[in-house]
Every structure is written in structure tokens, then in C-alpha cells.
Amino acid sequence: MTKRDKKTFKGLPVIEAYGEAVLANGAPTLPKSRAELLAEIESGVMEHLDFPAQVFKRGRNRNFLTFRDEDLAALAASYVGQPFLRNHATWDIGARDGTILESSLDGEHIVQVVRLTTRQGMTDYVEGRIDRFSIGWFYDDIFCSVCGARWVECVHYPGREYQTERGKALCELVFSNPKGKETSAVNTPAVDDTGLLSTLVNAKLEIVGEALPAVTGARSASQYFPKGETMKKKVRRDGVVLEVGEDEVLPTDEVVPEGTAPTLAASPAPGDNGEGQLIALCGNLLESSLAASRLPAVTQARLRKQFSGRAFQAPELEAAIQEAREEVSTLTAGQTVAGPARVTNMFSDADQFRLALEDLLEVERDPKEAGIKVHRLSGIREAYLSGTGDKFFHGGFYEEYALGAAVSFTVVTKNAMNKRLVQAWEKLRKVYGWWEKITTIEHFDNLEQVDWIITGTIGTLPSITKGNAYTELPLGDVGETTDWSKYGGYIGLYLEDVINDNVGAFRRLPTEAAMGGIRNISEKIASIFTVNSGAGPTMSDGGALFNATVTTTLGGHKNLLTTALGTDLVAWRAVETAMFKQPMLVKQAAGSYGTGKAQGIRPKFCLVPQDLAGAAEDLFLKEWNTGGTNMAYQRAEPLVVPEWTDATDWGAAADKDLLPGAMLGEIFGIMPEIFVAGGERDAAIFTNDESRIKIRQFLTYGVSNWRALHKNNVAG
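Here the structure is a predicted model, which is why all the values come from computation and not from measurement.

The next point concerns the overall build of the protein. Helix and strand counts for the protein stand at 15 helices and 32 strands. Sorting the 716 residues of the protein into buried and exposed places 49% on the buried side. Pairs at least 24 apart in sequence give 69% of the contacts found in the protein among residues at least 6 apart. Summed over all atoms, the accessible surface of the protein reaches about 34600 Å², with 52% contributed by carbon and sulfur.

So, in C-alpha cells, the structure goes:
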């Protein structure tokens, strides 16, 4: 008797699994002979066959995927009732051989009792073909074992060792809140760099490579990560061996043995500072994208030649593939191709669903997609059912009823809402975007305290006589600092809103988010002039932003007056003179305060409350007045500040391109981002039938140079 024969679980022989692989050192002990069992299966006498298996062992595996110890018991239990498949083929009903009856954590193993119900499944088990297993799972997020951060936001990759304060550490992907999806019979479990791992790395490359432009907002990892594993095949295409999903194999592909090494891209050389690794990842992304594009081989070859051997960003490749689709669609329109198929468009079900939902939410289409015809959704209810398959409104995802695994109601809704937010922002900035004209916006890639740099501190280049040494230039040494703030909240959309087809709630939210975000910035920049009873924030030199103290004194800014705006140029000229004569920074030290030469810059903008809007427009926008030619015409541009409530105070600001004053920092774009939490594992879905739509905005704001701003605090 073998070691395995001696083990039993629930009274049945146990097949041992180590990691995701099985020691196949003999057939399982069976209650009858193989011939008797096969005869009963063939005749239909045997309706099902139950067997136990250890399908997972805690510890390191070759895919560098792992779970927290405290999650394993719940993960094991969650497999009860889930399907038993072949090769993780969740999209193929023919791949299902049975159901998981029992599942629990037994020491270091996940042990399951599987009921086989198909003739093929029972036959394969009796004949010893079902003896290796691999598990698939859902999850909320992925974290890095090296730094503990969300893996999509850190710099580490699985399988690589990194030097840390605690010594060398191997990067593994730690899955948060894992839930059982299915268990599969496979030939070679945990094959290096296949399935989930390669898909995750490609997804991270997409996120890191896109640089998160302000137009679209940052994207969360849930947009890219699949909810489980994907089987891969190695094929030879155009002389290149590559790895593609089973549903991505083309008729012209030659399937090659499993052991054949892929030739996607060169492996990174040691010490290449990551460039080789990036090129290799780009190569993987290129091949997987081309395989999924369904473009003709000659078109794929052209794109491969264009992108191979170099690093690129995911949007660049996506744009090239989209252009190629349109090109092929135009060239082949109306022409019969081999077989009964006719090329009508190059859009997938996911693309069709996305456009239909965007039309429903009244998102303005990209000009490239303006002519595409899609099924018109009757309402948000139909969109929800198509994207989730949740026909009984239990609050979850049911792939067998949904359009497909590639279609996600949550993700597509979030993306559509962010597009609508961008469009709403563009409309609202015409009313509330006054601050853009006086504020310098800078992008940051971390949340450390910001040092705003003062420019224009070298007022003179001294003369150097022949043979003498250069002297050190007196570079200004004062900078202002600010910290980051996070703003936002969430809005709950309930299942009742979906059932009642309340599409208005979904349409309205992005506009509300855009309004909240732009008014938030307007309020923050306006407050620079109004906090501390109109004196502004305290600067690094100890003085208030606006004060009337002479500049030869530490903290003196001499940029505060008390004169009303008036109907002529008297008050404005006084402000012009004060700003023009402001001394450039030489050195923040006794004897150097206020000794720099005049900066020679006049204010460009006059900031007023609504109460003074008419007076400012009369002063600066009318070519003629009661006295004849208006000498103040176009001398400044009036800006109305919605948040200012004092009816008499007003201010001035220089051209930000010449002299930056008000500063705004962003890390994910100045516009707020919309995130949707509505997956079947979300607590609010389960307890409240509620999808929570979160709005988030990271900003920092302040002043880099008080010389660019002026204030008139007028009694009244």
C-alpha cells in the first residue's frame, strides 16, 4: 500500500496535493474494480461519484501567489457549492464535471469532497486522469508582500527579490478577502508565468504606463484584474512562440508543446535598472493585445514590428489597435471573406455594452465612435441585468446570465460616470474656473509635504574681470510648504433605484461630483485671500501673506492697502506701483531683507466679489465712459470670486507665467475621481442592497511667492 492509500477523509481515499500540484504516485483506492466501475458508468447505473482531494497547500508556489493565514479558513469554506471544472474554463458549460460538496481547511491543506456527475468526469477519474488540481478565486484587492502596499501602486514584481531593511525579501502577491470561485482538474498546476500571474503583470503595466492623465482620472486596479485564472496555450504565430488564452487561438496558429519557451521579448539583463524588465512586460502586453484584437495576421505583423523591442504606454498601443480596426473595417466593408462570416465591425460585446451604457447616461461620444450603431438600452435596469446577469436581483455577478466575463456593469458604469464628470467639468469651469487664471498647477507622484519653489531670485549677474574666479550667486533661500488634504464622500445607489429604472440618479451624480470638485478648489484658492480676517495665511518668514509692513523688516510684505476700487484709476495705480516695486528675494537674513531690485511686474487680474463686479467691468472693460476715453480699458482683467462675501474688499494677482503666486498641487488630477463599490462581495450590497459610489479628490494648495498677490481690505 502506498502512503496515499493509507490516508482517508470522510471515509474516502485522499489524493494529496502539494501547493497546487499533486504527487501522482499511484491510483486512488476504489471500492470496486476499474472494469466494474466503468461498466456502471457506461450503463448509467452510477449517477454520481464522490471523491476527496487536497487541492491546495499553504506555502510558496511557483506563481508567487499567496493568502493571509487568517483568510484561509474562510476561503476554504467558501468553495462549498462551487463548480468543479476542467482547466479553469469558466466560460464553457461543457467544462463542468461536477460540484464541490464539502471544503475545509485541514492543517495546511484545503481539502474538498467533489461530486462528479458527468459520464466523462467519472470515467476520467476512474481511469486516473483527474488527479491534479488547481483552485480559482475571487478577491477584493492585491497587496505586495515586500512593502505591504497595494501591488498595483508599488514598484515590486512577483518572483523577484528586493533588498529591504530586514534583508532580502521575495515579492509575492497577497490576495485580500479571497472567496472560492471553482476548483479545476488540470494537467500541470502552477505553471510558471501563466494564467493569473501574467495577466496581473500586464494589468499593472497598463496602470503604471498610463500616467493617469487629468482628463480621465486615475483608474483603480479592479478595472483590469480578472476575477479568477485563465488557461493559456503556447502557439507559434508568424514564427514567434507566444502564450495566449484558449479563446484567443487563431485558426492559423500552430499549437506547440507545453515545454516550448515563449519568444515574446528579451529577458531583462541583470543591473539594467528595470529597462529590460519594462521592455519584456511591454512585449507580453503587445502579444496578448494582438491576440485579443482579432486583426488579420498581416495587420498584426505590422503592429508587432511597430512596437516590438521598445517600451511604450498602454494607451499608445490601444490607439494603434483601434486605428487598425477602423482601417480593416473600412477596407473589408461589404466584402465576403472566407467562410460564412462577414466583417461588419471590429467591436466586441464589451465595446458594444460600453457604448450603449454611455449613450444611456448621455455621455458625449468620442468623434471616432460617433457612427457606431449599438443596441439602445431601455434603462438602467436592462444595463444592470446585461452586465451582472443578476436576474433575481440578489446583488451579485452571475456569468451564466451576463453578456460575458469581459463585461462588468460596475466597471463600465464607473468609467462612463468619469467621462460624464469630465464633460460636466468643462461646462462648469466657464463659471467657476476663475482660479485657473491666477493659479499654477503642478503634478506630484507622492503625498510628501510640498515645497513651493520661489523663482526670480537672481536679480543681477555680476561682472567678472579677466582671470578672476566666478562668485557664488545669491540664490533666494526661502520656500513655502503645504500638506496634502483628501476630500470626498460617497453616495448610495440602492437596488430599488435599479429595479425602478431610476436612470436620472446615475446621470446626475457625475455632474454633482464635478460641481463639488470645482467649487472645492474655488473655495480653497479664494480662502488664501480671506483667512485670518483677510490677512491670509502666515508665511515662512513669520508675516501674514498680506500686511503693510515695509519689506526691509523680516516678515514685511507691503502688499496690503485699504483703498476702495473706485471708478477711476487712482486705487488700481497704487496697487500697480506697490507690486512693481516689490523687491526680489536676495537672502532671508538681517541686512538682506528688501534689498533686492524691483521685480518690475504689474498685476494682470483684479479680483472682486459679485458686489464689485459691475464697478470692475465698468473700469476695465468699457472703452468709453462719461469722461470720454477710458484710460483703464483693458489695463486688467476682472475676475469675480464666488466665495467672497465681503462687499468692499478686492485683490490683485500677477500673470502666473511670469510670477507664480497661488499654487495648487494634484496627484491624480485636479478633477475628483469616481469609484464604484458594487461587487457581490461588497458588504453594503449584502446588508443594504446598496452600491456605494465614492468621490475622492487629493489636493494641496498654498502660496509660493507673496510678491505676486495684493489685497485691499476696505472698511465698509
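Alright, that's what it looks like, and here's the rest.
Soluble globular proteins: nonpolar side chains tend toward being buried together. Counting 58 residues, the largest nonpolar core has W435, I438 and L607 as its most contacted members. Considering every element that reaches this core, the biggest residue donor is helix α12 (residues 503-534), with 11 residues. Excluding anything up to four places from it in sequence, I438 contacts I525, F529, F605, L607, L639, A653, K656 and A662.

Glancing now at the sheet that holds strand β7 (residues 83-86). One open sheet holds the 6 strands; their spatial order is β5-β9-β8-β7-β15-β10, and the pairing between them is mixed. Edge positions in the sheet fall to β5 (49-57) and β10 (133-138), since each of these pairs with one other strand and no more. The mean inter-strand angle of the sheet, taken between neighbouring strand axes irrespective of direction, is 35°. Where β7 and strand β8 (residues 96-106) come together, 3 bridges link them in antiparallel fashion. By the bridge assignment for β8, L85 is matched with R96. Its contacts with the sheet place helix α2 (residues 69-77) against β5, β8, β9 (109-116), β10 and β15 (179-185), and it is angled at close to 145° to β8. On the sheet, helix α3 (residues 119-126) packs against β5, β7, β8 and β9 and is oriented at approximately 70° with respect to β5.

Time to look at helix α9 (residues 380-388). Turning to α9, its buried residues number three or more, namely I380, A383, Y384, S386, G387 and T388. Of the residues one or two after α9, G389 is the one with positive phi, at around 70°.

Time to look at the pattern of salt bridges. A complete count under the given rule lists 20 salt bridges for this structure. Linking D124 and R129 is a salt bridge whose minimum nitrogen-to-oxygen distance equals 2.6 Å. What makes R129 partly exposed here is its relative accessible area of 47%. Shared partners join several salt bridges into a network, and the residues in it are R86, D97, D124, E127 and R129.

With respect to topology, 3 strands assemble into an open sheet ordered β6-β14-β11, the strand pairing being mixed. The open sheet has two free edges, formed respectively by β6 (65-67) and β11 (141-144), since each of these has just one partner strand. Direction aside, the axes of adjacent strands within the sheet are offset by 40° on average. Taken together, the 4 bridges between β11 and strand β14 (residues 173-176) define a ladder with antiparallel strand orientation. When the sheet's bridge partners are listed, C144 is paired in β14 with L173.

Considering every residue of the protein, the mean pLDDT works out to 75; 72% of them sit at 70 or more. Contacts of residues 190-199 to residues separated by more than four positions or lying in other chains number 30 contacts, the stretch itself having pLDDT below 50. Throughout residues 262-275 the model reports pLDDT below 50, and contacts reaching past four residues in sequence, or to other chains, amount to 20 contacts.

Burial of the side chains of strand β28 (residues 650-653) extends over both faces: W650 and A652 are buried on one face and G651 and A653 on the other. Note: strand β24 (residues 605-608) against β28, 3 bridges, orientation antiparallel. Within β28, the position partnered with C606 by the bridge is A652. In this structure, β28 lies alongside strand β32 (residues 709-712), joined through 4 bridges in antiparallel fashion.

For the rest of this paragraph, the subject is the environment of P52. Tracing the backbone shows P52 in strand β5. Looking at P52, the relative accessible area reads 0%, which means it is buried. Separated by 50 residues in the primary sequence, P52 and E102 have C-alpha atoms spaced 8.8 Å apart.

According to the stated counting rule, one finds 15 aromatic pairs in the structure shown. Ring geometry for F67 and F175: centres 6.1 Å apart, planes at 45°, overall tilted. In this pair, F67 sits in strand β6 while F175 sits in strand β14, placing the two residues 108 residues apart along the sequence. Between the aromatic rings of F84 and F133, the centroid separation amounts to 6.2 Å while the plane-to-plane angle is 55°, which identifies the pairing as tilted. Residue F84 is found in strand β7, and its partner F133 is found in strand β10; the two are separated by 49 residues along the sequence.

What follows deals with α3. Burial analysis of α3 places 6 of its 8 residues in the buried class, the great majority of the element. Turning to α3, its buried residues number three or more, namely G121, M122, T123, D124, Y125 and V126. A positive phi of about 85° marks G128, the residue just after α3.

Time to look at the packing of helix α10 (residues 409-432) against α12. Packed helix pairs are specified by the crossing angle of their axes together with the interaxial distance, meaning the distance between the axes. Here α10 crosses α12 at 45°, and the two axes come no closer than 8 Å. The angle between α10 and α12 places the two elements in the oblique class. Every pair of crossing elements has a handedness; the one defined by α10 and α12 is right-handed. Across the contact of α10 with α12, the residue classes tally to 14 nonpolar, 4 polar and 4 charged.

Take the side chain of Q423 next. Mapping Q423 onto the fold places it in helix α10. Those residues in contact with Q423 that sit more than four places away from it in its chain are E362, V363 and E364.

Before going further, it helps to examine the packing of helix α1 (residues 34-43) against α3. Relative orientation of the contacting elements α1 and α3 amounts to 175°, with a least axis distance of 10 Å. By the criterion of interaxial angle, the relationship of α1 to α3 is roughly antiparallel. Across from R34, L37, L38, I41 and E42 in α1, the residues of α3 making contact are R119, M122, T123 and V126. Considered class by class, the residues forming the contact of α1 with α3 number 5 nonpolar, 1 polar and 3 charged.

What follows is about unusual backbone geometry. In this structure, E362 is a non-glycine residue whose phi angle is positive, near 60°. Here E362 is to be found in the loop between α8 (349-360) and α9. The backbone phi angle of K558 is positive, close to 45°, even though this residue is not glycine. Along the polypeptide, K558 turns up in the loop between α12 and β23 (560-561).

Assignment of secondary structure puts I454 in the loop between β20 (450-452) and β21 (480-482). Accessibility expressed as a relative area gives 14% for I454, which makes it buried. Residues I454 and S704, 250 residues apart in the sequence, show an inter-C-alpha distance of 5.9 Å.

On to the environment of G489. As for its placement among the helices and strands, G489 is situated in strand β22 (residues 485-494). Given a relative accessible area of 35%, G489 falls into the partly exposed group. The spacing of G489 and R696 is 207 residues in sequence and 6.8 Å in space, taken between C-alpha atoms. Discounting chain neighbours no more than four positions away, the residues touching G489 are I693, K694 and I695.

Analysis parameters
- Residues numbered from 1 in each chain as written.
- Predicted model: local features only at pLDDT ≥ 70, side-chain atom pairs only at ≥ 80, totals over all residues.
- Heavy atoms only, no water.
- Helix = DSSP H or I, 4+ residues; strand = E, 2+ residues; numbered from the N terminus.
- Buried < 20%, exposed > 50% of the residue type's maximum accessible area, 1.4 Å probe, protein only.
- Contact = heavy atoms within 4.5 Å.
- Areas by Shrake-Rupley, 256 points an atom, 1.4 Å probe, with all protein chains shown as cover.
- Core = buried A, V, L, I, M, F, W, Y, C linked by side-chain atoms within 4.5 Å.
- Pairing = 2+ DSSP bridges.
- Axes fitted to C-alpha atoms, helices over the stretch in contact; angles between N-to-C directions.
- Salt bridge = Lys/Arg side-chain N within 4 Å of Asp/Glu carboxyl O.
- pLDDT = per-residue confidence, 0-100.
- Phe/Tyr/Trp six-rings, centres within 6.5 Å; stacked < 30°, edge-to-face > 60°.
- Parallel < 35°, antiparallel > 145°, perpendicular 65-115°, else oblique.
- Left-handed = near helix turned anticlockwise from the far one by under 90°.
- Nonpolar A, V, L, I, M, F, W, Y, C, P; charged D, E, K, R; others polar.

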